[in-house]
Amino acid sequence: DAKTTQPNSMESNEEEPVHLPCNHSTISGTDYIHWYRQLPSQGPEYVIHGLTSNVNNRMASLAIAEDRKSSTLILHRATLRDAAVYYCILRDGNAGNMLTFGGGTRLMVKP
Amino acid sequence: DAGVIQSPRHEVTEMGQEVTLRCKPISGHNSLFWYRQTMMRGLELLIYFNNNVPIDDSGMPEDRFSAKMPNASFSTLKIQPSEPRDSAVYFCASSWGQSIQPQHFGDGTRLSIL
């Protein structure tokens, strides 16, 4: 499986935008980029996914580099509730359903 | 809509005892996954089912672990006999269709083996 690299932790101020980076230099053409987050004492929660084009939903935006070797999850206005571990995961669209979680980025939001 | 339901939420038992964790996936989902989360190893996939059939159990640690899915609305993960190193949070997740579909996770079972 292609791997991803994320910073261990990041800090943000409440109500400011947050850009969470992810490097995936060995991504293959059939790999989708998925983001999940895990709030304290909860199971992981799907955030967003994309293949080549930037994506927006009610939770976040996903910006994908033109060469697809990196991506950025954007939270437009961080709230205290957004404090969580954010996981960037590659999923092969032609293969099985498994999610392989790395260490993720722990986002801390300051009031 | 009800999400993935796991029971019990917490389990404390002595080593050597049998432990059974239960999961009810979201209605209509045809894939079910069992994960384990520890501080040392993070989140690991143990086994996944598609249409009630085990597809990949390569993550199951050893023969003490077994999982079943007798029907589309219920799955169990059993540990017999349990050991202290099995202490972890166990998550069940379900999804529909192909691999790009999101997985929906339950709130987990926190297992402590004394």
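The preceding data block contains the structure.
Bear in mind that the values here come from a model prediction, so they are computed numbers and not experimental data.

Here is what the cut-offs are and how they apply
- Residues numbered from 1 in each chain as written.
- Chains lettered and ligands numbered in written order.
- Predicted model: local features only at pLDDT ≥ 70, side-chain atom pairs only at ≥ 80, totals over all residues.
- Heavy atoms only, no water.
- Helix = DSSP H or I, 4+ residues; strand = E, 2+ residues; numbered from the N terminus.
- Rg over C-alpha atoms; globule rule 2.2 N^0.38 Å.
- Contact = heavy atoms within 4.5 Å.
- Disulfide = S-S within 2.5 Å.
- Buried < 20%, exposed > 50% of the residue type's maximum accessible area, 1.4 Å probe, protein only.
- Pairing = 2+ DSSP bridges.
- Axes fitted to C-alpha atoms, helices over the stretch in contact; angles between N-to-C directions.

1. Topic: the overall build of chain B
- Looking only at helices and strands, one finds zero helices and eleven strands in chain B.
- Listed N to C, the secondary structure of chain B is β-β-β-β-β-β-β-β-β-β-β in terms of helices and strands.
- Taking 2.2 N^0.38 as the reference for a compact globule, 114 residues should give roughly 13 Å; the C-alpha atoms of chain B span a radius of gyration of 13 Å, in line with that estimate.
- Viewed in the frame of its principal axes, chain B has a C-alpha envelope of about 40 × 30 × 25 Å.
- Relative to all contacts within chain B whose residues are 6 or more apart in sequence, the contacts with residues 24 or more apart total 54%.

2. Some thoughts on the state of the cysteines
- As enumerated under the stated definition, the model contains two disulfides over all chains in all.
- Note that cysteine 22 of chain A is cross-linked by a disulfide to cysteine 88 of chain A, the S-S spacing being 2.1 Å. Every disulfide takes its handedness from the sign of the S-S torsion; for cysteine 22 of chain A and cysteine 88 of chain A that torsion is -85°, giving left-handed. In this pair, cysteine 22 of chain A is assigned in strand S2 (residues 18–23) and cysteine 88 of chain A in strand S8 (residues 84–92), connecting sequence segments 66 residues apart. Per residue, the accessibility class of cysteine 22 of chain A equals that of cysteine 88 of chain A, and both read buried.
- With a sulfur-sulfur separation of 1.9 Å, cysteine 23 of chain B is cross-linked through a disulfide to cysteine 92 of chain B. Its S-S torsion of about -70° marks the bond between cysteine 23 of chain B and cysteine 92 of chain B as left-handed, since a negative value means left-handed. Taken together, the residues span a long stretch of sequence, with cysteine 23 of chain B in strand S3 (residues 19–24) and cysteine 92 of chain B in strand S9 (residues 88–95) at a distance of 69 residues. Each member of the pair, cysteine 23 of chain B as well as cysteine 92 of chain B, is classed as buried.

3. With respect to the sheet that holds strand S1 (residues 9–13) of chain A
Residues and elements named next belong to chain A.
- Spatially, five strands are ordered S1-S9-S8-S3-S4 in an open sheet, and the strand pairing comes out mixed. If you trace the sheet from one side to the other, it starts and ends with S1 and strand S4 (45–50), each paired once. Adjacent strand axes in the sheet meet at a mean angle of 25°, parallel and antiparallel pairs treated alike.
- Note: strand S3 (residues 31–38) against S4, five bridges, orientation antiparallel. Considered in S4, the bridge of arginine 37 is made with glutamate 45.

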